[in-house]
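Chain by chain, the residues:
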Amino acid sequence: GGALCAGGIAMTGHPSAYLGVERMGTKVEDPAVMPVTPRQVEPEEETRNSWTWLARIPRVVPRQLLGNVESFLVGRHTGLAPHLPFAVLSVVFFLFHGRRSGARWLLLAATASVALFFLLWIPFNWHGGGGFVGNRYFVNVYPAFLFLVTVVRPAPLLLLGEIAGGLYLGALLLTPWGAPVVYPTLQAHVRGPAFDWLPGETTVMRRIPGYEGFSQSGAWFRGRKDVVDQRGSQMWIQAGPDVEIWMITAQPTGSAYFEVRTEAPDNVIRIRTPGDEATVVFEGAKRRTDKVQMVQLRTGRPKHIDPVEGRPGYLYVLHVQASHGRNPRRANGDWIEPRFYLGAALTYLGSQERLEDPRFYEVEWLECSAPEVVRADEEFQIHTRVVNRSPDAWPPYPLDTQVALGYHWYSTAGTLLTWDGLRTALRESLAPGDELTVEQRVLAPSTPGTYRLSVDLARETISWFSERNGGNTCDATVRVEAASAD
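Rules used in this analysis
- Sequence order as written defines residue numbering, which begins from 1 separately in each chain.
- Totals for whole chains, interfaces and linings use every residue, but because this is a predicted model, local features are given only for residues with pLDDT of at least 70 and side-chain atom pairs only at 80 or more, for both listing and counting.
- Excluded from the side-chain calculation are hydrogens and water; included are all heavy atoms of the structure.
- Secondary structure elements are taken from DSSP: a helix is a run of H or I of four residues or more, a strand is a run of E of two residues or more, and numbering for both begins at the N terminus.
- Burial classification: accessible surface area is computed with a 1.4 Å probe over protein chains only, and a residue below 20% of its type maximum counts as buried, one above 50% as exposed, and the rest as partly exposed.
- Contacts between residues were defined by any pair of non-hydrogen atoms, one from each residue, lying within 4.5 Å.
- Here the accessible surface of atoms and residues is derived via Shrake-Rupley with a 1.4 Å probe, and residues count as covered only by protein chains that are part of the display.
- Within this scheme, the nonpolar core is defined by two criteria: the residues are buried Ala, Val, Leu, Ile, Met, Phe, Trp, Tyr or Cys, and they are joined through side-chain atoms within 4.5 Å.
- The definition of a polar contact used here is a pair of N or O atoms within 3.5 Å, where within protein one atom must be able to donate a hydrogen and the other to accept one, and adjacent residues in sequence count solely through side-chain atom pairs.
- We call a pair of cysteine sulfur atoms a disulfide whenever their separation is within 2.5 Å.
- A pairing counts as a salt bridge when a side-chain nitrogen of Lys or Arg comes within 4 Å of a carboxyl oxygen of Asp or Glu.
- Between the rings of Phe, Tyr and Trp (Trp by its six-membered ring), a pair exists once the centres lie within 6.5 Å; its type follows the angle of the planes, with under 30 degrees stacked, over 60 edge-to-face, and the other angles tilted.
- Only Lys NZ and Arg CZ are tested; either one counts as a charge over a ring when it is within 6 Å of the ring centre and within 35 degrees of the ring normal.
- At least two DSSP bridges between two strands are required for those strands to pair.
- Comment: axis = line fitted to C-alpha atoms, over the contacting stretch for helices; angle = value between 0 and 180 degrees taken between N-to-C directions.

(A) Structural view of the overall build of the chain. The helix and strand inventory of the chain stands at 6 helices and 27 strands. Residues counted as buried form 42% of the 486 residues belonging to the chain. For the chain, the proportion of contacts with a sequence separation of at least 24, taken over those separated by at least 6, is 67%. Element-wise, carbon and sulfur atoms account for 56% of the exposed surface of the chain, whose accessible area totals about 25300 Å².

Okay, here's the thing in structure tokens:
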């Protein structure tokens, strides 16, 4: 939901915050009791809408400062080298052929001090915000570099500078009013291949426009919105180009599991991580089951970063490339997104450590009330109450890694008859410690007799809960009678 903020006071705009409902074990505000006590929110940075930041003592995070320096020099969207190339060339001429007088050394130190000032005092916005190409603050210092140059030698170096500058600035100069591309932004020029050689700005990533960010299974992903899109639990990847995706986790992980889908027959999807590579071949994939494969990759060594919010993270740069694509349609034939040529749909299932953590499968069964007698092949309902005793929320439908209620049928002697019963999806995410009550769908066996109904939970595409928690299920005895003749 949205938020209404004024003077540091914020009230959430999510409906559950003021409907006065008790759901999932959590009591929320009752609007009948007025006034609602506001919640004090700490400002993200004391520098917002004020000049007091000029006099404060900045909080210096060494890793963040190093990341800012790297981005300031060679960052893909803000770097000095790609966006102010003749500043670099001027320093080269000064160091090797210029008259290195005291005044010019002082001028060079002054330009460096200006950069350091912004990197230290506003590390979250040292480049001047996303509404500018390059560095909005440092561009004011650009003319000072002219006074460093006294000799241009060798002269061909100037031509090389022109060529190098053209690789990065040519698209801007040729299309000064905006490039005619899908999802145009001020940063559209970075879609050129030369920018792939430069690092992205990890410390100010949320302030760079033209990107899509979303969470999946405990990780945060970010990619260019013209080639990456979020659709439910899936990351849609544009067919054709090598698509770069940033994956950030709170803790380092040794592996990553992905569910890979395609809508294009004979598609070949290549996925690379810093430590591994996999090629997924969908040869003649026409049936729905042929269009899904599971992939496990070693993630390799991450880059330890400190994002703008101050929370440390671990960055893994993924690359995905699909050979074929298809414009996706809805069931009625309408285009879902006619501009997006879908090559692959990825769902991050989690790391091996996360998926195999037995704590996720801890559950408490309160009730599974089944009728004593049902008809053969009859679909009926049982009243099920369950509590999430794991440290993580259970994701609901439509996530591909959703948690759903299911069941197994056994004979009274313990022989397994049906393992994979009907699913009943959770209505919403179930937080740790919360209780869920649901009318669960069950299909009776075809043969009359007395059976044991074993109610279980499934983490789709991963495992049944009973396989990870020592067989903790909710059981009931049900007698199945022959179906009536009519």
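(B) Region of interest: the nonpolar core. Formed by 29 residues in total, the largest nonpolar core has its most connected members in Trp365, Trp394, Trp409, Leu453, Val455 and Leu457. When contributions to this core are tallied by element, the ones reaching two or more residues are β18 (363–369), β20 (379–388), β21 (403–411), β24 (435–443), β25 (449–459) and β27 (474–481). Counting residues in each nonpolar core, the second largest holds 28 residues, with Ile237, Ile245, Met247 and Ala278 among its members.

(C) Looking closely at the side chain of Gln238. Among the secondary structure elements, Gln238 is positioned in strand β9 (residues 234–238). A polar side-chain atom of Gln238 sits 2.9 Å from the main-chain amide nitrogen of Tyr341.

(D) Geometry of the state of the cysteines. With the rule as written, the count across this model stands at 1 disulfide. The partner cysteine of Cys368 in its disulfide is Cys474, sulfur to sulfur 2.1 Å. Handedness here is read from the sign of the S-S torsion; for Cys368 and Cys474, about -90 degrees, the answer is left-handed. Here Cys474 lies in strand β27 and Cys368 lies in strand β18, a separation of 106 residues in the sequence. Note on accessibility: Cys368 and Cys474 belong to one class, buried.

(E) Spatial organisation of unusual backbone geometry. Between Arg153 and Pro154 the backbone carries a cis peptide bond, its omega angle lying at -5 degrees. Here Pro154 lies in the loop between α4 (102–121) and α5 (156–174). One non-glycine residue, Asp266, adopts positive backbone phi at about 60 degrees. Residue placement: Asp266 occurs in the loop between β11 (255–261) and β12 (267–273).

(F) Just the pattern of salt bridges, in detail. All told, the structure shown has 20 salt bridges when counted by the stated rule. The salt bridge involving Glu244 is made with Arg76; its shortest N-O contact spans 2.9 Å. Within this pair, whereas Glu244 is found in strand β10 (residues 243–249), its partner Arg76 is found in the loop between α1 (62–74) and α2 (80–83), the two being separated by 168 residues in sequence. Taking the shortest distance from any N to any O, the salt bridge between Arg441 and Glu379 comes out at 3.1 Å.

(G) Main features of the environment of Val455. As for its placement among the helices and strands, Val455 is situated in strand β25. In this view, Val455 contacts Trp365, Cys368, Ile382, Thr384, Leu405, Gly406, Tyr407, Gln440, Thr473, Cys474 and Asp475; residues no more than four positions away in its chain are not counted.

(H) Molecular detail of the packing of aromatic side chains. Following the criterion strictly, the structure yields 19 aromatic pairs and no others. Grouping aromatic residues by their ring pairs yields a cluster made of Phe72, Trp126, Phe138 and Phe145. Looking at Arg231, its charged tip hangs above the ring of Trp236, at a distance of 5.0 Å from the centre. Over the face of the ring belonging to Tyr410 we find Arg452, whose NZ or CZ atom lies 4.3 Å from the ring centre.

(I) Up close: the pairing of β20. Direction of pairing for β18 relative to β20: antiparallel, over a ladder of 6 bridges. The residue bridging Ser369 from the neighbouring strand is His383, located in β20. Relative to β24, β20 is paired through 9 bridges, and the arrangement is antiparallel. When the sheet's bridge partners are listed, Arg385 is paired in β24 with Thr437.

(J) Quick look at the sheet that holds β11. Here 5 strands make up an open sheet; going across it, the order is β8-β9-β17-β11-β14 and the pairing antiparallel. Strands at the two margins of the open sheet, each flanked by one partner only, are β8 (228–231) and β14 (292–298). When strand polarity is set aside, the average angle formed by the axes of neighbouring strands in this sheet is 30 degrees. Here β9 runs beside strand β17 (residues 342–350); their pairing, made up of 4 bridges, is antiparallel. Paired with Ile237 across the two strands is Ala344, which belongs to β17.

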